[in-house]
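# Summary of structural features
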Amino acid sequence: MVAGRRSSDRREPLPLLSCDPKQKKPLSAIIKEVCDGWSLPNHEYYALQHADSSNFYITEKAQNAQQLHERIQSSSMDAKLEALKDLASLSRDVTFAQEFINLDGISLLTQMVESGTERYQKLQKIMKPCFGDMLSFTLTAFVELMDHGIVSWDTFSVAFIKKIASFVNKSAIDISILQRSLAILESMVLNSHDLYQKVAQEITIGQLIPHLQGSDQEIQTYTIAVINALFLKAPDDRRQEMANILAQKQLRSIILTHVIRAQRAINNEMAHQLYVLQVLTFNLLEDRMMTKMDPQDQAQRDIIFELRRIAFDAESEPNNSSGSMEKRKSMYTRDYKKLGFINHVNPAMDFTQTPPGMLALDNMLYFAKHHQDAYIRIVLENSSREDKHECPFGRSSIELTKMLCEILKVGELPSETCNDFHPMFFTHDRSFEEFFCICIQLLNKTWKEMRATSEDFNKVMQVVKEQVMRALTTKPSSLDQFKSKLQNLSYTEILKIRQSERMNQEDFQSRPILELKEKIQPEILELIKQQRLNRLVEGTCFRKLNARRRQDKFWYCRLSPNHKVLHYGDLEESPQGEVPHDSLQDKLPVADIKAVVTGKDCPHMKEKGALKQNKEVLELAFSILYDSNCQLNFIAPDKHEYCIWTDGLNALLGKDMMSDLTRNDLDTLLSMEIKLRLLDLENIQIPDAPPPIPKEPSNYDFVYDCN
């Protein structure tokens, strides 16, 4: 063996070293002796290398990997169980994971799952707890090793997939085994098209449903995650079929009863999975939203005829109605105008714009059939008004459908970090259509409150959007509660809210105020800078993310109190408070930082397959570049922490703080400071310009004579 210097760019071999296989000294002590013998400082930078291999270095972790690889093949069940327990723990470390995988450790684990379980199952009656623990630790180690992204998911056999699926399909199995099996299936589906096909053949929605009806929220979360993965990766022509299966199995009702309305708080990961399911469900509307109406399609035109019939002749209208063709055409044109279509002669042309395409017509027909009284009232009420004051039902429905699709982001991929699900959308099988029905009645009500005319159409739509958005932010638990929230958001109330917000964000534009702002702005910026640096000193816990979102892997970073060093290191779990500097293993001097980059410029966002198609995560990414090719990569837990850290790092480098948070803080603090300084001038109008300087006197021969 030789001792070689470990470096990212070169390894310098030292002379050969013979090793006694029976020696008991720690590996680090042997390396130190060699380095001392050659008067080499920093022995921790060296490792042992096999003389016949230029790529295989021996480290403590490599030694551990070799020992565990042998121990998990022990014939003793107790020894095997302890080895698998250690493996599950150590596999979190990427260096150990690489060493174990190099020993073909993944193949060994899959073989144990495929063939070993049958052998162990024969002993289940006498050692069932041992078998359950052994399989649980095996699967845990497998999940941890695969999470490092070193091994491709495409390498696994059908036998392995069948075995994992069998654990999920069993009615009675250990919770830990079920949880890890669901996690493996989700990763298979998300990371491999071929494995999606194989998993979809082994797992049915009917087999997953019972896991949602239990009381374990973590199992429910993983189950919904698998359903979401199957939904997301399904070919376009199969998604509607899958949605129909979910409807037949009453998935929505089961989730509402056993998850949303269960007597416990919904954790962040469950909220995320419910959000993903909500997005994927609404995305089924994209096809109709992007489909133009064919004016020559009789079936589509019949829908418009049905809207007219329900509104103006609820009983029926015989096909062979009397009167000339011209007279009937004139009557239809008149009725289509009353229905509020833009094109009175051929309303089909109103639905050729995408979005919202045919989805708007679907919504109108649903409203007319399922809320017939409200539909007829709106149409007849507006047809009796003066032309300029009528609220056009057809045009309103089309624009409202488009607006609701924008609010719910129909057609967009779900975000990796968003938890914004709405319970009310799980309370009805046709929740989008019901959502539309509530909002179209709101629009008609707001139109009347605003006493709007046709020229005010866009203003009314803006108010309605604000009403809907404000009601949604309260997260109503049902559609009825949503309707109730809207009742308290009348046009008058919206005006009051706007006025209040304007008062709180008042921006004085007179010259004296602008000069005062300019004077005190440096003080405010310095205050913001100190706050950012203080937050960096407190530190932040960052989550490690990859293709599988759920991971209990964390690392912590904080700035030293003297602002000269960044301390960072891995954590086993999310900390409850600040992490002491001395517990963080790694350091980065601030003086070594070359630059701070964000978003697409980050090295970890350029890597192949790195969280691609994920705008939310891209907006939270930033990196510190130092030395020649080194970097420290971050994904902030949220937008607020992203702003704090990018501002703080830029402040350390003497650069401007450019985040939205800094702009908002600056505006708020400036406004508060100006208002405080102007308290004594309350109710006194400040002129836009200083008073004029009077003309000079004709002479200065004036003096007050006291005599």
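Residues numbered from 1 in each chain as written. Predicted model: local features only at pLDDT ≥ 70, side-chain atom pairs only at ≥ 80, totals over all residues. Heavy atoms only, no water.

### Here we look at the sheet that holds strand β8 (residues 586–589)
Applicable threshold: By the convention used here, strands pair only if DSSP detects at least 2 bridges between them. By definition, any uninterrupted DSSP run of H or I lasting at least four residues is a helix, any uninterrupted run of E lasting at least two residues is a strand, and each is numbered from the N terminus. Note on definitions: angles span 0 to 180 degrees between N-to-C directions of axes, and those axes are lines fitted to C-alpha atoms, for helices only across the stretch in contact. Only heavy atoms enter the contact rule, under which two residues are in contact if any of them lie within 4.5 Å.
The strand order across the open sheet built from 4 strands is β5-β6-β7-β8, with neighbouring strands paired in antiparallel fashion. Two strands in the sheet have a free side with no partner beyond their single neighbour: β5 (540–543) and β8. Within the sheet, the average angular offset between the axes of one strand and its neighbour, ignoring direction, is 25°. The pairing of β5 with strand β6 (residues 554–559) spans 4 bridges and is classified as antiparallel. In the sheet register, T540 faces β6, and the bridge partner there is C557. Of the strands in this sheet, β5 and β6 are in contact with helix α25 (residues 511–538), which crosses β6 at around 135°.

### Considering the packing of aromatic side chains
Put simply, the rule is: Only centres within 6.5 Å qualify two rings of Phe, Tyr or Trp (six-membered ring in Trp) as a pair; their planes then separate them into stacked at under 30 degrees, edge-to-face at over 60, and tilted for everything else. Each residue gets one of three labels from its accessible area relative to the maximum for its type: buried under 20%, exposed over 50%, partly exposed in between, using a 1.4 Å probe on protein chains only. Whether a charge sits over a ring comes down to the Lys NZ or Arg CZ being within 6 Å of the ring centre and within 35 degrees of the ring normal.
By the definition in use, this model includes 28 aromatic pairs. With a centroid separation of 6.1 Å and an interplanar angle of 35°, the aromatic rings of F305 and Y332 are classed as tilted. Separated by 27 residues along the polypeptide, F305 in helix α16 (residues 298–312) and Y332 in helix α17 (residues 325–338) bring together distant segments of the chain. With a centroid separation of 6.5 Å and an interplanar angle of 70°, the aromatic rings of F542 and F622 are classed as edge-to-face. Of this pair, F542 sits in strand β5 while F622 sits in strand β10 (residues 621–626), and the two are 80 residues apart along the sequence. For F542, a relative accessible area of 0% gives the class buried. Given the relative accessible area of 0%, F622 is considered buried. Members of the aromatic cluster, joined through ring pairs, are F542, W555, Y568, F622, F634, Y642 and W645. The ring of F457 is capped by R395, whose NZ or CZ atom sits 3.8 Å from the centre of that ring.

### Considering the packing of helix α8 (residues 175–191) against helix α11 (residues 217–233)
For clarity, the cut-off: An angle below 35 degrees is treated as roughly parallel, one above 145 as roughly antiparallel, one from 65 to 115 as roughly perpendicular, and anything else as oblique. Crossing handedness follows the turn of the near helix against the far one: under a right angle anticlockwise gives a left-handed crossing, and clockwise gives a right-handed one.
Between α8 and α11, the least distance of the axes is 9 Å, while the angle of their chain directions is 20°. Regarding the angle of α8 to α11, the classification is roughly parallel. Read as a crossing pair, α8 and α11 show a hand that is left-handed. When α8 is examined against α11, the residues I175, L178, Q179, L182, A183, E186, V189 and L190 are found in contact with a partner set consisting of E218, I219, Y222, T223, A225, V226, A229, L230, L232 and K233.

### Focus: unusual backbone geometry
Cis geometry marks the peptide bond from T354 to P355, where omega comes out at -15°. Tracing the sequence through the fold places P355 in the loop between α17 and α18 (358–370). With omega at 15°, the peptide bond leading from P355 into P356 counts as cis. Among the structural elements, P356 can be located in the loop between α17 and α18. Residue D104 is not a glycine yet carries a positive backbone phi of 65°. Under the relative-accessibility criterion, D104 is labelled partly exposed at 48%.

### A closer look at the sheet that holds strand β9 (residues 593–598)
With antiparallel pairing, 3 strands are arranged side by side in an open sheet as β9-β10-β11. At either margin of the open sheet sits one strand with a lone partner, and together these are β9 and β11 (630–635). With direction set aside, neighbouring strand axes in the sheet form an average angle of 20°. As paired strands, β10 and β11 are joined by 6 bridges and run antiparallel to one another. Looking across to β11, one finds that S623 is bridged to N633. Of the strands in this sheet, β9, β10 and β11 are in contact with helix α28 (residues 639–652), which crosses β10 at around 25°.

### Considerations on the side chain of S623
Summarising the element assignment, S623 is placed in strand β10. Given a relative accessible area of 0%, S623 falls into the buried group. When neighbours within four sequence positions are excluded, S623 is seen to be in contact with A595, V596, V597, C602, P603, H604, L632 and N633.

### Describing the packing of α18 against helix α19 (residues 372–383)
In a packed pair of helices, the relevant descriptors are the angle between the two axes and the axis-to-axis distance. In plain terms, the rule: Each residue gets one of three labels, nonpolar for Ala, Val, Leu, Ile, Met, Phe, Trp, Tyr, Cys and Pro, charged for Asp, Glu, Lys and Arg, and polar for the others, Gly among them.
Where α18 meets α19, the axes come as close as 5 Å, and the angle between the chain directions of the two elements is 110°. In this view, α18 runs roughly perpendicular relative to α19, as classed from their interaxial angle. Here F367, A368, K369 and H370 of α18 come into contact with α19, specifically with Q372, A374, Y375 and I378. Tallied by class, residues from the contact of α18 with α19 come to 5 nonpolar, 2 polar and 1 charged.

### Examining the environment of T110
Following the sequence through the fold, T110 ends up in helix α5 (residues 105–121). Residues T110 and F160, 50 residues apart in the sequence, show an inter-C-alpha distance of 6.7 Å. Setting aside residues up to four positions removed in sequence, T110 forms contacts with F142, F156 and F160.

### Concerning the nonpolar core
Here is the rule: Note on terminology: a nonpolar core comprises buried Ala, Val, Leu, Ile, Met, Phe, Trp, Tyr and Cys residues joined through side-chain atoms within 4.5 Å.
Within the largest apolar cluster, 79 residues are counted, with the highest numbers of intra-cluster contacts made by L109 and I255. In terms of residue count, the dominant contributor to this core is helix α6 (residues 124–146) (9 residues). Residues in contact with L109, not counting those within four places in the same chain, are I72, L84, L87, F100, T138, A141, F142 and L145. Among the nonpolar cores identified, the runner-up in size contains 68 residues, and V379, I398, F425 and L479 belong to it.

### Notes on the pairing of strand β7 (residues 565–571)
Counting buried positions along β7 yields 5 of 7 residues, so the element is predominantly enclosed. Pairing geometry for β6 and β7, over 6 bridges, is antiparallel. Residue pairing across strands places F554 opposite L571, the latter belonging to β7. What sits between the antiparallel neighbours β6 and β7 is a turn of 5 residues, in which H563 has the positive phi angle 65°.

### A look at the pattern of salt bridges
The condition that has to hold: Salt bridge criterion: a side-chain nitrogen from Lys or Arg within 4 Å of a carboxyl oxygen from Asp or Glu.
Taken as a whole and judged by the stated rule, the model has 21 salt bridges. Notably, a salt bridge pairs D665 with R532, separated by 3.1 Å at the nearest N-O pair. Within this pair, whereas D665 is found in helix α29 (residues 660–677), its partner R532 is found in helix α25, the two being separated by 133 residues in sequence. Residue classification places R532 among the buried positions, given a relative accessible area of 1%. With a shortest N-O distance of 3.3 Å, R558 and E578 are connected by a salt bridge. Within this pair, whereas R558 is found in strand β6, its partner E578 is found in the loop between β7 and β8, the two being separated by 20 residues in sequence. Several salt bridges converge on common partners, so that one network encompasses R308, R334 and D335.

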